[in-house]
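# Commentary on secondary and tertiary structure
Next come the chains, spelled out residue by residue.
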Amino acid sequence: MDFVTLLGFAAGLLTTIAFLPQMFQTWKTKSAKDVSFVMLITFMSGLFLWLIYGIILGALPIILANGITLFFNFIILWLKIKYK
């Protein structure tokens, strides 16, 4: 595996795990009042487009990072709707 691919995996790992504290906090407190619905939808749209871009390029770091982060954000969105 070359340096550029490792760099992509490292970047993807950091940006993906950045959403875990928000997801766990929302789950634990059963409150998502401080999470912006517009931000979630906008961000998730961007993640989806990055995922498609990664698939077109066949770039595994982009695919994994954005696919997993999109999944985490779907959980946050679901919690926001559930705890409304």
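Thresholds applied
Residues numbered from 1 in each chain as written. Predicted model: local features only at pLDDT ≥ 70, side-chain atom pairs only at ≥ 80, totals over all residues. Heavy atoms only, no water. Axes fitted to C-alpha atoms, helices over the stretch in contact; angles between N-to-C directions. Helix = DSSP H or I, 4+ residues; strand = E, 2+ residues; numbered from the N terminus. Parallel < 35°, antiparallel > 145°, perpendicular 65-115°, else oblique. Contact = heavy atoms within 4.5 Å. Nonpolar A, V, L, I, M, F, W, Y, C, P; charged D, E, K, R; others polar. Phe/Tyr/Trp six-rings, centres within 6.5 Å; stacked < 30°, edge-to-face > 60°. Buried < 20%, exposed > 50% of the residue type's maximum accessible area, 1.4 Å probe, protein only. Polar contact = N/O pair within 3.5 Å; in protein donor to acceptor, adjacent residues only side chain to side chain. Core = buried A, V, L, I, M, F, W, Y, C linked by side-chain atoms within 4.5 Å.

## Let's talk about the packing of helix 1 (residues 3–17) against helix 4 (residues 60–82)
Two elements in contact, helix 1 and helix 4, have axes separated by 8 Å at closest approach and are oriented at 5°. Classified by the interaxial angle, the pair formed by helix 1 and helix 4 is roughly parallel. When helix 1 is examined against helix 4, the residues Thr5, Gly8, Phe9, Gly12, Thr15 and Thr16 are found in contact with a partner set consisting of Leu60, Pro61, Leu64, Ala65, Ile68, Thr69 and Phe72. Here the contact of helix 1 with helix 4 is composed, by residue class, of seven nonpolar, six polar and no charged.

## A word on the packing of aromatic side chains
The description of two aromatic rings rests on the distance between their centres and on the angle between their planes. Going through the model one piece at a time under the given rule, you end up with three aromatic pairs. Between the aromatic rings of Phe71 and Phe72, the centroid separation amounts to 6.3 Å while the plane-to-plane angle is 50°, which identifies the pairing as tilted. What makes Phe72 buried here is its relative accessible area of 15%.

## Brief notes about the environment of Ile81
Relative to the elements of secondary structure, Ile81 occurs in helix 4. For the pair Ile81 and Ser31, spaced 50 residues apart in the sequence, the C-alpha separation amounts to 9.8 Å.

## Observations regarding the side chain of Thr16
Tracing the sequence through the fold places Thr16 in helix 1. You can call Thr16 buried: its relative accessible area is 7%. Within the local environment of Thr16, its side chain forms a polar contact with the backbone oxygen of Ala65, the two atoms lying 3.3 Å apart. In this structure Thr16 touches Ala65, Ile68, Thr69 and Phe72, once residues within four positions along its chain are discounted.

## What about the nonpolar core?
Judged by nonpolar contacts, the single largest core of 14 residues is most densely connected at Met23, Val35, Leu40, Leu70 and Ile76. Secondary structure elements with two or more residues in this core: helix 3 (37–57) and helix 4. Top contributing element to this core by residue count: helix 4, with six residues. Each residue touching Ile76, except ones within four places of it in the same chain, is listed here: Phe19, Gln22, Met23, Val35 and Leu40.

## Observations concerning unusual backbone geometry
Residue Lys30 is not a glycine yet carries a positive backbone phi of 55°. With respect to the element layout, Lys30 can be found in the loop between helix 2 (20–29) and helix 3.

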